[in-house]
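One letter stands for each residue in the lines below.
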Amino acid sequence: MVYEFSEYGFRFAPSDKSWVLGLAGSEGMTSFNADTLMVVFGIESRRVLYVSGYFPMEGWDREELQFPLGSPGVVFVEADDPVPGVSIPVEADEWRARFDSKENVFCFGGIAGASTRYVEVATGVMLAIENRELVEVWLKPSFVS
């Protein structure tokens, strides 16, 4: 997971792109969009693969954060007839972007509850799931110019 200052956004840089394409399946990929942050998943596999997207730092609130403890795992998406490259909007009006520059931890979401489960779907990409809904996206990126 990388944040590129010159692009104002997050980019997932897998060491083996063919591996990611294999996980997606033969029908291609699409995403859920929470604002301009994309949670990318395979259409055939319905498996969340990574997070990317344009997301300028100017709108981020600064606060102390800890990357949540979670388990490496797989998150599958429930979506009716997704189309390659056509994003599905997520209701994120109440979500906030928060950042801890000391820990290099970013969180975009609402407020997690007591029953929230944290699943690390890729290195530095943690999804917070509560009642089968995405409630937060946590990232621990490297920052590059």
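The structure we're discussing is the one just above.
The structure contained in this document is the topic of the report that follows. Predicted model, so just to flag it, every value in this text is computed and none were measured.

1. Some thoughts on the overall build of the protein
Next, step 1: The secondary structure content of the protein amounts to 1 helix and 14 strands.
Next, step 2: Projected onto the principal axes, the alpha-carbon positions of the protein cover approximately 40 × 35 × 25 Å.
Next, step 3: Across the protein, every contact between residues at least 6 apart in sequence was considered, and the portion connecting residues at least 24 apart equals 62%.
Next, step 4: As displayed, the protein has an accessible area near 8,200 Å², and 50% of this comes from carbon and sulfur atoms.

2. Looking at the pairing of strand E5 (residues 48-54)
Within a regular beta strand, the side chains point alternately toward one face of the sheet and then the other, so they alternate between its two faces.
Next, step 1: With 6 of its 7 residues buried, E5 lies for the most part within the structure.
Next, step 2: Direction of pairing for strand E2 (residues 9-11) relative to E5: antiparallel, over a ladder of 2 bridges. Within the sheet, the bridge partner assigned to Gly9 lies in E5 and is Tyr54.
Next, step 3: Judged from the 4 bridges that link them, strand E4 (residues 37-42) and E5 form a sheet pairing that is antiparallel. Bridge assignment links Val40 to a residue of E5, and that residue is Tyr50.
Next, step 4: Hairpin connection between E4 and E5: a loop of 5 residues separates the two successive antiparallel strands, and Arg46 in this loop has a positive phi of roughly 65 degrees.

The rules behind each value
- Residues numbered from 1 in each chain as written.
- Predicted model: local features only at pLDDT ≥ 70, side-chain atom pairs only at ≥ 80, totals over all residues.
- Heavy atoms only, no water.
- Helix = DSSP H or I, 4+ residues; strand = E, 2+ residues; numbered from the N terminus.
- Contact = heavy atoms within 4.5 Å.
- Areas by Shrake-Rupley, 256 points an atom, 1.4 Å probe, with all protein chains shown as cover.
- Buried < 20%, exposed > 50% of the residue type's maximum accessible area, 1.4 Å probe, protein only.
- Pairing = 2+ DSSP bridges.

Purely geometric numbers; function is a separate question.
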